[in-house]
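Spelled out, the chains give:
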Amino acid sequence: MRHELDAREYKLLLNPGRFLEAPPQSVADIFWDEHLKPLIRRLGPKNGNEPRHSGRFDKSAERIVRFWDTPNCELTRADLALRERLPVEDEASAGARPKITLKLRTPDLFVVAATDLPGSGRKFSTTFEEDIAPLEVDDPKPGKRSVVVPAKRSIRSRFARSTTQKVEWPTSSQTLADLSLMFPTVLDIIAGSGARPVGETALISGPTIRELVYEGASVRLNAEIVGEFALTLWFFGSDHVRPTVAEISFKCTTVRGDMPGRAARRALDLFIGMQELGGWVNTEHSSKTSLALPKGYGRPVE
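Fair warning: this is a prediction, and the values are worked out from it, not measured in the lab.

The rules behind these values
Residues numbered from 1 in each chain as written. Predicted model: local features only at pLDDT ≥ 70, side-chain atom pairs only at ≥ 80, totals over all residues. Heavy atoms only, no water. Pairing = 2+ DSSP bridges. Helix = DSSP H or I, 4+ residues; strand = E, 2+ residues; numbered from the N terminus. Patch = residues over 30% accessible without salt bridge, like charges linked within 9 Å, V, L, I, M, F, W, Y side chains within 5 Å. Areas by Shrake-Rupley, 256 points an atom, 1.4 Å probe, with all protein chains shown as cover. Salt bridge = Lys/Arg side-chain N within 4 Å of Asp/Glu carboxyl O. Lys, Arg positive; Asp, Glu negative; His and termini not counted. Charge placed at Lys NZ, Arg CZ, Asp CG, Glu CD. Buried < 20%, exposed > 50% of the residue type's maximum accessible area, 1.4 Å probe, protein only. Core = buried A, V, L, I, M, F, W, Y, C linked by side-chain atoms within 4.5 Å. Axes fitted to C-alpha atoms, helices over the stretch in contact; angles between N-to-C directions. Left-handed = near helix turned anticlockwise from the far one by under 90°. Contact = heavy atoms within 4.5 Å. Nonpolar A, V, L, I, M, F, W, Y, C, P; charged D, E, K, R; others polar. Phe/Tyr/Trp six-rings, centres within 6.5 Å; stacked < 30°, edge-to-face > 60°. Expected span 1.5 Å × (residues − 1). Bend = angle between axes of the 7 residues up to and from the residue.

**A short note on the pairing of strand β3 (residues 58–69)**
Consideration 1: The pairing of β3 with strand β11 (residues 209–220) spans seven bridges and is classified as antiparallel. Its bridge partner being in β11, I64 is matched across the sheet by R210.
Consideration 2: Pairing between β3 and strand β4 (residues 80–87): six bridges, direction antiparallel. Among the inter-strand pairings, W68 is bridged to a residue of β4, identified as L82.
Consideration 3: In the sheet, β3 pairs with strand β10 (residues 204–205) via two bridges, with the strands oriented antiparallel.

**A closer look at a positive patch on the surface**
Consideration 1: On the surface, R97, K99, K123 and K166 cluster together into a patch of positive charge.
Consideration 2: Tracing the chain through its elements places K123 in the loop between α3 (109–113) and β6 (125–134).
Consideration 3: According to the relative accessible area criterion, K123 is exposed, its value standing at 75%.

**Section: the nonpolar core**
As a rule of thumb, soluble globular proteins bury nonpolar side chains together.
Consideration 1: Of all hydrophobic cores here, the largest spans 38 residues; its most connected members are F57, L221, F229, I248, F250, L270 and M274.
Consideration 2: Looking at this core, the elements that each hand over two or more residues are β1 (7–14), α1 (24–41), β11, β12 (226–236), β13 (245–253) and α6 (261–275).
Consideration 3: In terms of residue count, the dominant contributor to this core is α1 (seven residues).
Consideration 4: Among the nonpolar cores identified, the runner-up in size contains 19 residues, and A78, L82, V167 and L203 belong to it.

**A few points about the packing of α1 against α6**
Consideration 1: The geometry of α1 relative to α6 is characterised by a closest axis approach of 10 Å and an angle of 145° between their N-to-C directions. Between α1 and α6 lies a crossing of right-handed hand. Of α6, the residues touching α1 (which contributes L36, L39 and I40) are L270, G273 and M274.
Consideration 2: Class assignment for the residues of the contact of α1 with α6 results in five nonpolar, one polar and no charged.

**A few points about the packing of aromatic side chains**
Consideration 1: All told, the structure shown has 12 aromatic pairs when counted by the stated rule.
Consideration 2: Their ring planes at 10° and their centres at 4.6 Å tell us that Y10 and F250 sit as a pair that is stacked. Residue Y10 is located in strand β1, and its partner F250 is located in strand β13; the two are separated by 240 residues in the primary sequence.
Consideration 3: A relative accessible area of 2% means that Y10 is categorised as buried.
Consideration 4: With a relative accessible area of 0%, F250 lands in the buried category.
Consideration 5: Here the aromatic rings of F250 and F271 are separated by 6.5 Å at their centres, their planes lie at 70°, and the arrangement is edge-to-face. Of this pair, F250 sits in strand β13 while F271 is found in helix α6, placing the two residues 21 residues apart along the sequence.
Consideration 6: Connected via pairs of aromatic rings, a cluster forms that spans Y10, W32, F57, F229, F250 and F271.

**A word on the side chain of K37**
Consideration 1: Tracing the backbone through its elements, the reader meets K37 in helix α1.
Consideration 2: Residues in contact with K37, not counting those within four places in the same chain, are W32 and H53.

**Focus: α1**
Consideration 1: With 18 residues, α1 extends 24 Å between its outermost C-alpha atoms, agreeing within 8% with the 26 Å of an ideal straight helix rising 1.5 Å per residue.
Consideration 2: At W32, α1 shows its maximal bend, which comes to roughly 35°.
Consideration 3: Listing the buried residues of α1 in full gives V27, A28, F31, W32, L36, K37, L39 and I40.
Consideration 4: Where α1 is buried, its residues meet β1, β2 (53–54), β11, β12, β13 and α6.

**Quick notes on the pattern of salt bridges**
Consideration 1: Summed over the entire model, instances satisfying the criterion amount to 18 salt bridges.
Consideration 2: Linking R56 and D29 is a salt bridge whose minimum nitrogen-to-oxygen distance equals 3.1 Å. In this pair, R56 is assigned in the loop between β2 and β3 and D29 in helix α1, connecting sequence segments 27 residues apart.
Consideration 3: The exposure class assigned to R56 is partly exposed, which follows from its relative accessible area of 38%.
Consideration 4: Between E50 and K46 there is a salt bridge whose closest N-O contact spans 3.7 Å.
Consideration 5: The class of E50 is partly exposed, set by a relative accessible area of 42%.
Consideration 6: Sharing partners across several salt bridges, the network here consists of K11, K103, R105 and D131.

Here you go:
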């Protein structure tokens, strides 16, 4: 398997309460104009004294999202995440085929790079990316719902191979055997974690999430590397007003697997600055995926 990264994505959880202060589009505009743009200006101008930022946040996607696992968390224990995504407008369509993504993500580049994760048939896409998050851990004290961060903000990297394909996905009955028909190596990956997967094991879903994504804003890090921002809001269950999760990210497609040093430094400086936006950063959770897993797999959503 190749070791060449397709992209690097920097992800930061935000305080979802900030999106109750005004309509989400207005808050997105304020966050971009008053907070992200000033951070980008600190990176210095492009050649010709032009700003590095461009565009603005526009609503570009609204989807239904669910995450799946077995009752014994076999996917999670094997560093796998299984996600279902469906455009909101297709939710009521009986023949709708959601996008199903299976992702392997660990801190070890070579473990991920050496893992084969094909889909079934010909119509699937696979990416190899680096996910970059703040350096933080969940507070180990019983009953605590917060994260612990170092005095000097930093980052942690995890590497991810993910495969996505559109398939029929009846939510009433899914098993590991069904999953292995879509992703032929999944049982081997689970077995590699020390488990003994049984094909008849059922898959169960986490909460139904309405996902709202704003895109369109970007930062140019050098002549070839552009960071594309995405502001993601998750609304759990029937509540489409108060988001439970908010995340800001920017993704940089590499140039033949490379990200030149100056561009990487600017991206790092920008991400460290984003972590220092007091009042905007989520200090309760370190992962949005853990909140979307079936009940009891991650920290509970209240």
